[in-house]
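Topology and contacts: notes
One-letter residues, chain by chain:
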Amino acid sequence: MSAPDGLLRHLCAQGRDGIVGDDSVPYEGRVLWERGDVLYSLHLFFARLRGTWPVPTMAEDAAQEAAEGHGSTFFAQRFAALKRAQVVVFVTDNQAYRFRRNRPFLLRLRADLISAGRDPDSVPVLFQIDCYRLEDVDRTPASEIIQVLTWPRCDHAQAFPEEKRGAKEALDRAIALYEEMRAEDKAK
């Protein structure tokens, strides 16, 4: 629900050798990302969820595009990225009117992962809560957002877009969440 192009450019500027794709849609880029002593080569793909529930899944949207003869287009590219995503960062914010839309978007994410042939419970989700301090807008406390936004393998991180801080920490936490999941799976 956030502006994916701005967030993508911000994150690519935080890493090394960040490259944002030439086309504005889909929003994707590559960046070398340092986390501790490890340098990760990340392929970031941002998709803005649209509409209200129920809406077609990405698989249905991609099939419609193919039927119309558009070839590899926006929804097909998003769907392909979701098939191989190692972690999902679900960006939301504390504006009350947007907070109410989170449940339908989570249902959409679950449906899209299933359509992509994935077990949604095996894909970790980091909830990035963008905290705005707008005086004339009703806000939902982060503690309430954390109680509502859950997933079998998840964590939460707060970001403060007005101050341009927190997105880097959220991406670091998403990587850590994925590494923790891999370590648990190897231990089994």
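Everything discussed here concerns the structure shown above.
The shown structure was predicted, so the numbers you read here are calculated from the model rather than taken from an experiment. (Residues numbered from 1 in each chain as written. Predicted model: local features only at pLDDT ≥ 70, side-chain atom pairs only at ≥ 80, totals over all residues. Heavy atoms only, no water.)

1. Details of the pairing of strand S2 (residues 27-35)
Bridge count for strand S1 (residues 16-20) against S2 is three bridges, and the pairing is antiparallel. Note on S2: the bridge partner recorded for isoleucine 19 is arginine 30. In this sheet, strand S3 (residues 38-46) lies alongside S2 in antiparallel orientation, the contact comprising nine bridges. The residue of S3 that forms the bridge with arginine 30 is histidine 43. Hairpin connection from S2 to S3: two residues lie between these consecutive antiparallel strands, with glycine 36 at a positive phi of about 65°. (Pairing = 2+ DSSP bridges. Helix = DSSP H or I, 4+ residues; strand = E, 2+ residues; numbered from the N terminus.)

2. A look at the sheet that holds S1
Spatially, S1-S2-S3 is the arrangement adopted by the three strands of the open sheet, whose pairing is antiparallel. At either margin of the open sheet sits one strand with a lone partner, and together these are S1 and S3. Across the sheet, the mean angle separating the axes of adjacent strands is 15° when strand polarity is ignored. Sheet strands in contact with helix H7 (residues 167-187) are S2 and S3, and its direction is about 80° off that of S2. (Axes fitted to C-alpha atoms, helices over the stretch in contact; angles between N-to-C directions. Contact = heavy atoms within 4.5 Å.)

3. Re the pattern of salt bridges
One pass over the structure, following the stated rule, counts twelve salt bridges. Between arginine 98 and aspartate 93 there is a salt bridge, with its nearest N and O atoms 2.7 Å apart. Assessed through its relative accessible area of 3%, aspartate 93 is described here as buried. For arginine 173, the salt bridge is made with aspartate 155, and the minimal N-O distance between the two is 2.3 Å. (Salt bridge = Lys/Arg side-chain N within 4 Å of Asp/Glu carboxyl O. Buried < 20%, exposed > 50% of the residue type's maximum accessible area, 1.4 Å probe, protein only.)

4. Quick look at the nonpolar core
Of all hydrophobic cores here, the largest spans 17 residues; its most connected members are Phe90, Leu106, Leu109, Leu113, Val125, Phe127 and Trp151. Within the residue set of this core, elements represented by two or more residues are strand S4 (88-93), helix H5 (102-115) and strand S5 (125-130). Sorting elements by how many residues they give to this core places H5 first, with four residues. When residues no more than four places from it in sequence are discounted, the contact partners of valine 125 are Val88, Phe90, Leu109, Trp151, Arg153, Cys154, Asp155 and Leu177. In this structure, Leu7, Leu42, Leu44 and Val91 belong to the second largest nonpolar core, which totals 15 residues. (Core = buried A, V, L, I, M, F, W, Y, C linked by side-chain atoms within 4.5 Å.)

5. What to know about H5
Taking 1.5 Å of rise per residue, the 14 residues of H5 would be expected to cover 20 Å, and the 20 Å separating its terminal C-alpha atoms lies within 8% of that figure. All buried positions along H5 are accounted for by Asn102, Phe105, Leu106, Arg108, Leu109, Asp112 and Leu113. End-on, the buried residues of H5 take up no more than an arc of 155°, which puts them together on one face. In the stretch just after H5, glycine 117 is the one whose phi turns positive, near 80°. (Expected span 1.5 Å × (residues − 1). Arc of directions from axis to C-beta.)

6. Comments concerning the environment of leucine 32
With respect to the helices, strands and loops of the structure, leucine 32 is situated in strand S2. For leucine 32, a relative accessible area of 26% translates into the label partly exposed. In this structure the C-alpha to C-alpha distance between leucine 32 and arginine 16, which are 16 residues apart in sequence, comes to 4.9 Å. Look past the residues within four positions of leucine 32 in its chain and what remains in contact with it is Gly15, Arg16, Asp17, Leu39, Tyr40 and Ser41.

7. Considerations on H7
End to end, H7 covers 30 Å across 21 residues, agreeing with the expected 30 Å (1.5 Å per residue, within 8%). Among all positions in H7, only Ala167, Ala170, Leu171, Asp172, Ala174, Ile175, Ala176, Leu177, Tyr178 and Met181 are buried.

8. Regarding the sheet that holds S5
With respect to topology, three strands assemble into an open sheet ordered S4-S5-S6, the strand pairing being parallel. Two strands bound the open sheet, and with one partner strand each, they are S4 and strand S6 (154-159). Adjacent strand axes in the sheet meet at a mean angle of 25°, parallel and antiparallel pairs treated alike. Strand direction decides the pairing type here: S4 and S5, joined by six bridges, are parallel. Along S5, the bridge assignment pairs valine 89 with leucine 126. Lying over the sheet, H5 contacts S4 and S5, oriented at roughly 165° with respect to S4. In this fold H7 packs onto S4, S5 and S6, with an angle of close to 165° to the strand it touches most, S5.

Shape descriptors only; they carry no functional weight alone.
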